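Read off the chains here:
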Amino acid sequence: MTKWPDKVGVVISCLLLYALLVAPFMTFRANRIVQGETRTVFEALPALAAAIITTVVLLAAFIAFFRFSARLKLTIALVGLAVLAVFVGQAASFLTPEGNSFARVSPASGFWLIFAGLALLATDCIARLRPRPVVRILLLLLAAAALAAVLTSGLWNDLSIIREYTGRADTFWTEALRHVQLAIGSLVAATLVGIPLGLLCYKVERLRASVLNTLNIVQTIPSIALFGLLIAPLGWIAATVPGAAKIGIAGIGMAPAFVALFLYSLLPVVSNTVVGLSGVSRAVREAARGLGMTSTQSLLRVEFPLAMPVILTGIRIVLVQNIGLATIAALIGGGGFGVFVFQGIGQTAMDLVLLGTVPTVFLGFAAAIMLDALIDSNLFSAGGRQKA
């Protein structure tokens, strides 16, 4: 086959070449808050290591540029990511003076661009190969296991983000738990309320426009503003309603953050429930009635299973959205990874900012993959078709 240029690969190739040859690879700081000094790949690594990573990235750029097989491209992308993971830790150790506990070494724009280019190449190849949902979940688990192995090996111990984590390990996991509680708890609450509300809007058309318009208005309120608006009423409830404060309701903290995320979550769940149920064809409903099903049986055994992929798409949107929005909860004492983000901004310590943003991005990415795999599995719709 003639190896004509690949449209997506051309962009990835240019990104990799710019990151390798122009952008800085690492940043060295004498301490955590001073201005950093950038280092290229050839300055940040021993000669042999620099040659290896340069060869791998150039090879990845070449293979990405042309229409090679998706499997070959995926292989070189995964090898490149593995090499990058090894050598970023080696660069940190190479640049850190012996016995110096104050110096900070962190990845610079070149590293992140190489990582983005290789990750984009791998993602594009996986999309073209269209693996089964189970395979996608297995790939995610393997990636998580590889990341855990690198973290526990000590290879990254000299990276500044790991040093920031080492001094805050207990706090990190406490805030991680709060972040997950906010994101998943608000999703569960919105699902329990939103699906019945969507069903009501589907059955009673007169309510549909008013409910969806009201939820649309909530979506237009900026997140920080909504968090602030909830402080006064929740504070009043905590002060006047007996027992409210004992169950965690307060003007600041997790309560207003939870309520805000819940309100933001309702529109995707309700609207996707309505769209999913409305998308079930009349012929399917008539077939269910022809089999002797009541309207309730048809709804539960046929319409809901067929609508479930669309409903799950709304839940996926909510979960990824809430994982990101939960970061802002730290501004009102709600905790979560935003604690590190805003502490880092206040101290001009970007590595502390990364300690909050990197796990947030990973959680959102993992949640999207898992729910996409569940949606594509067709478990619900297949079950509905069989029963119909």
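Residues numbered from 1 in each chain as written. Predicted model: local features only at pLDDT ≥ 70, side-chain atom pairs only at ≥ 80, totals over all residues. Heavy atoms only, no water.

Draft legend 1. Looking closely at the packing of aromatic side chains. Counted according to the given criterion, the structure contains twelve aromatic pairs. Summarising the aromatic geometry, the rings of phenylalanine 172 and tryptophan 173 are spaced 5.1 Å apart at their centres and angled 90 degrees between planes, so their arrangement reads as edge-to-face. For phenylalanine 172, a relative accessible area of 9% translates into the label buried. A relative accessible area of 54% places tryptophan 173 in the exposed class. Arranged with centres 5.9 Å apart and planes meeting at 25 degrees, the rings of phenylalanine 172 and phenylalanine 340 form a pair that is stacked. (Phe/Tyr/Trp six-rings, centres within 6.5 Å; stacked < 30°, edge-to-face > 60°. Buried < 20%, exposed > 50% of the residue type's maximum accessible area, 1.4 Å probe, protein only.)

Draft legend 2. Layout of the pairing of strand S1 (residues 26-29). Alternating residues of S1 divide into Met26 and Phe28 and Thr27 and Arg29, and every residue in both groups is buried. In this sheet, strand S2 (residues 37-39) lies alongside S1 in antiparallel orientation, the contact comprising three bridges. Across the sheet, threonine 27 pairs through a bridge with threonine 38, a residue of S2. Strand direction decides the pairing type here: S1 and strand S3 (residues 104-107), joined by four bridges, are antiparallel. Counterpart to arginine 29 in the pairing with S3 is arginine 104. (Helix = DSSP H or I, 4+ residues; strand = E, 2+ residues; numbered from the N terminus. Pairing = 2+ DSSP bridges.)

Draft legend 3. Structural view of the nonpolar core. Membership of the largest hydrophobic core comes to 51 residues, with the highest contact counts inside it found for Leu16, Phe25, Met26, Leu45, Ile53, Ile114 and Leu159. In terms of residue count, the dominant contributor to this core is helix H4 (residues 70-95) (twelve residues). Of all hydrophobic cores here, the second largest spans 19 residues; its members include Ala183, Leu299, Ala307 and Ala367. (Core = buried A, V, L, I, M, F, W, Y, C linked by side-chain atoms within 4.5 Å.)

Draft legend 4. Fine view of the confidence of the model for the protein. Looking at the protein as a whole, its pLDDT mean stands at 88, while 96% of the residues score no less than 70. Ranking the elements of the protein by mean pLDDT puts helix H16 (residues 379-387) last, at 48, and helix H3 (residues 47-65) first, at 95. (pLDDT = per-residue confidence, 0-100.)

Draft legend 5. Quick look at helix H8 (residues 169-203). In this model, H8 (35 residues) spans 50 Å end to end at C-alpha, consistent with the 51 Å of a helix rising 1.5 Å per residue. Approximately 25 degrees is the largest bend angle found in H8, and it occurs at threonine 191. (Expected span 1.5 Å × (residues − 1). Bend = angle between axes of the 7 residues up to and from the residue.)

Draft legend 6. Quick peek at unusual backbone geometry. A positive phi angle is found at arginine 130, which is not glycine, with a value near 50 degrees. Counting through the fold element by element, arginine 130 comes out in the loop between helix H5 (109-129) and helix H6 (133-153). Classification of arginine 130 by relative accessible area gives exposed; the value is 73%.

Draft legend 7. A look at the sheet that holds S1. As summarised here, the arrangement of the three strands in space is S2-S1-S3, forming an open sheet in which the pairing is antiparallel. Two strands bound the open sheet, and with one partner strand each, they are S2 and S3. Shown here is a sheet whose adjacent strand axes are inclined to one another by a mean of 25 degrees, direction ignored. (Axes fitted to C-alpha atoms, helices over the stretch in contact; angles between N-to-C directions.)

Draft legend 8. Structural view of the packing of helix H12 (residues 282-290) against helix H13 (residues 295-325). Where H12 meets H13, the axes come as close as 10 Å, and the angle between the chain directions of the two elements is 155 degrees. With respect to H13, the axis of H12 lies roughly antiparallel. Relative to H13, H12 is oriented so that their crossing is right-handed. Judged by residue contacts, Val284, Arg285 and Ala288 of H12 engage Ser298, Val302, Glu303 and Leu306 from H13. Of the residues in the contact of H12 with H13, the class split is four nonpolar, one polar and two charged. (Parallel < 35°, antiparallel > 145°, perpendicular 65-115°, else oblique. Left-handed = near helix turned anticlockwise from the far one by under 90°. Contact = heavy atoms within 4.5 Å. Nonpolar A, V, L, I, M, F, W, Y, C, P; charged D, E, K, R; others polar.)

Draft legend 9. Representation of the pattern of salt bridges in the model. This structure, assessed with the given rule, holds twelve salt bridges. With its nearest N and O atoms 3.2 Å apart, the salt bridge here joins glutamate 37 to arginine 39. According to the relative accessible area criterion, glutamate 37 is partly exposed, its value standing at 44%. Accessibility expressed as a relative area gives 21% for arginine 39, which makes it partly exposed. (Salt bridge = Lys/Arg side-chain N within 4 Å of Asp/Glu carboxyl O.)

Draft legend 10. Just H5, in detail. For H5, built from 21 residues, the straight-helix expectation of 30 Å at 1.5 Å per residue is met to within 8% by its first-to-last C-alpha distance of 30 Å. Contact partners of the buried residues in H5: helix H1 (7-21), H3, H4 and S3. One or two residues past the end of H5 sits arginine 130, with phi positive at roughly 50 degrees.

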